[in-house]
Amino acid sequence: MFSKETEGSRASMVAAIEADVADTARLLGKDALDPQVREAMLTVPREAFVPDDLRRFAYQNRPLPIGHGQTISQPFIVAIMTDLAHVQDGDRVLEVGTGCGYQSAILAALGARVFSIEALTELAGAAAERLEALGYDRVTVRQGNGAEGWPDEAPFDAILVTAAAPGRVPEALIRQLAPGGRMVVPVDRGGGADSFLFGPSQDLMLLIKDAQGRVEERSVLPVAFVPLV
Ligand code: SAH
């Protein structure tokens with residue numbers, strides 16, 4: 001799993017991510033990945049998070065199907081969401097939409113204590129087992145509706161939502177963000193007639209809560225996530 005070959009593939013995946021970051025620098029507000037995020041992307045074995053028959057595509061910079069109509073996010077998206085959230089060693093982080101658990105592993109590799117909620121029972125169980133087998137013992141996965149957050153473990157220094165919220169950011173998640181915390185969340189603006197031609201129009205939003213609890217938000221980038229259910 002940690003052969004020279006996969007190390008090389010991972011390095012080329014990170015090179016592709018960095019090219020995308022350079023291309024979107026104006027939107028991201030930065031032209032290079034945080035070195036620690038880069039290191040995490042180089043470390044986590046993405047091939048262990050994709051279905052066996054798709055392993056040969058594991059280090060391409062694109063999303064892949066994981067069954068149940070769901071996907072493993074594109075590496076570029078995982079990297080920039082992690083980067084925008086400024087995740088630090090020791091942070092408590094909520095993830096909504098565990099899927100296969102790849103994003104959780106990246107957060108754990110940065111030293112975060114991760115709480116991840118997945119709506120689909122089978123995916124939640126499989127991700128929990130996979131993360132445990134790989135030794136990511138700072139991740140707790142549970143089945144549930146992530147739009148309600150995880151009140152018992154709140155507040156969170158960062159919240160990453162990896163499925164698109166319809167219309168607006170769920171209020172419960174904003175409440176569970178700690179002062180000084182950051183949330184990265186795709187919001188579906190409902191493309192109307194345009195969505196017929198161009199697909200869903202979603203904005204990746206960055207919300208920052210200041211020490212007084214005031215929330216500022218900005219739209220970072222157009223994205224395409226599966227919807228929150
Ligand atoms: N974070 C994943 C991406 C998962 S795709 C990765 O690292 O690749 C989004 C996931 O969100 C899907 O598994 C889907 O089942 C889940 N999901 C959708 N709506 C949800 C909800 N309301 N609560 C929790 N999970 C949800």
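Use the structure listed above.
Residues numbered from 1 in each chain as written. Predicted model: local features only at pLDDT ≥ 70, side-chain atom pairs only at ≥ 80, totals over all residues. Heavy atoms only, no water.

Enquirer: Describe the side chain of Thr-24, naming the residues involved and giving the relevant values.
Expert: Mapped onto the elements of the fold, Thr-24 is located in the loop between α1 (4–23) and α2 (25–28). A distance of 2.7 Å separates a polar atom in the side chain of Thr-24 from the backbone oxygen of Asp-20. (Helix = DSSP H or I, 4+ residues; strand = E, 2+ residues; numbered from the N terminus. Polar contact = N/O pair within 3.5 Å; in protein donor to acceptor, adjacent residues only side chain to side chain.)

Enquirer: Any chance you could break down the packing of aromatic side chains for me, citing the residues and the numbers?
Expert: The final tally for this structure, using the stated rule, is 3 aromatic pairs. When the centroid spacing of 5.6 Å and the interplanar angle of 70° are considered together, the rings of Phe-49 and Tyr-102 count as edge-to-face. Residue Phe-49 is found in the loop between α3 (35–43) and β1 (64–67), and its partner Tyr-102 is found in helix α5 (residues 102–109); the two are separated by 53 residues along the sequence. Among the aromatic residues, those joined into a ring-pair cluster are Phe-115, Trp-150 and Phe-156. Residue placement shows Arg-46 over the ring face of Tyr-102; its charged tip is 5.6 Å from the ring centre. Across the ring face of Phe-57, the terminal group of Arg-62 is positioned such that the distance to the ring centre comes to 5.1 Å. (Phe/Tyr/Trp six-rings, centres within 6.5 Å; stacked < 30°, edge-to-face > 60°. Lys NZ or Arg CZ within 6 Å of the ring centre and 35° of its normal.)

Enquirer: Kindly report on the side chain of Gln-176, identifying the contributing residues and their values.
Expert: With respect to the helices, strands and loops of the structure, Gln-176 is situated in the loop between α7 (171–175) and β8 (177–188). In this structure, Gln-176 is in contact with Glu-148, Gly-149, Trp-150, Pro-151, Ala-154, Pro-155, Phe-156 and Ile-159, ignoring residues within four places of it in sequence. (Contact = heavy atoms within 4.5 Å.)

Enquirer: Which residues make up the packing of α1 against helix α4 (residues 75–84), and what are the values?
Expert: α4 packs onto α1 with a crossing angle of 65° between their chain directions and a minimal axis gap of 9 Å. One element, α1, and the other, α4, form an angle in the roughly perpendicular class. Crossing geometry of α1 relative to α4 is assigned as right-handed. Of α4, the residues touching α1 (which contributes Met-13, Ile-17, Asp-20 and Val-21) are Pro-75, Phe-76, Ala-79 and Ile-80. (Axes fitted to C-alpha atoms, helices over the stretch in contact; angles between N-to-C directions. Parallel < 35°, antiparallel > 145°, perpendicular 65-115°, else oblique. Left-handed = near helix turned anticlockwise from the far one by under 90°.)

Enquirer: How would you explain unusual backbone geometry if you had to name every residue and give the values?
Expert: Working note: non-glycine residues mostly have negative phi, and peptide bonds are mostly trans. With an omega of 0°, the peptide bond running from Ala-154 to Pro-155 counts as cis. Among the secondary structure elements, Pro-155 is positioned in the loop between β5 (139–143) and β6 (156–161). A positive phi angle is found at His-86, which is not glycine, with a value near 50°. Assignment of secondary structure puts His-86 in the loop between α4 and β3 (92–96). Judged by relative accessible area, which is 44%, His-86 ranks as partly exposed. (Buried < 20%, exposed > 50% of the residue type's maximum accessible area, 1.4 Å probe, protein only.)

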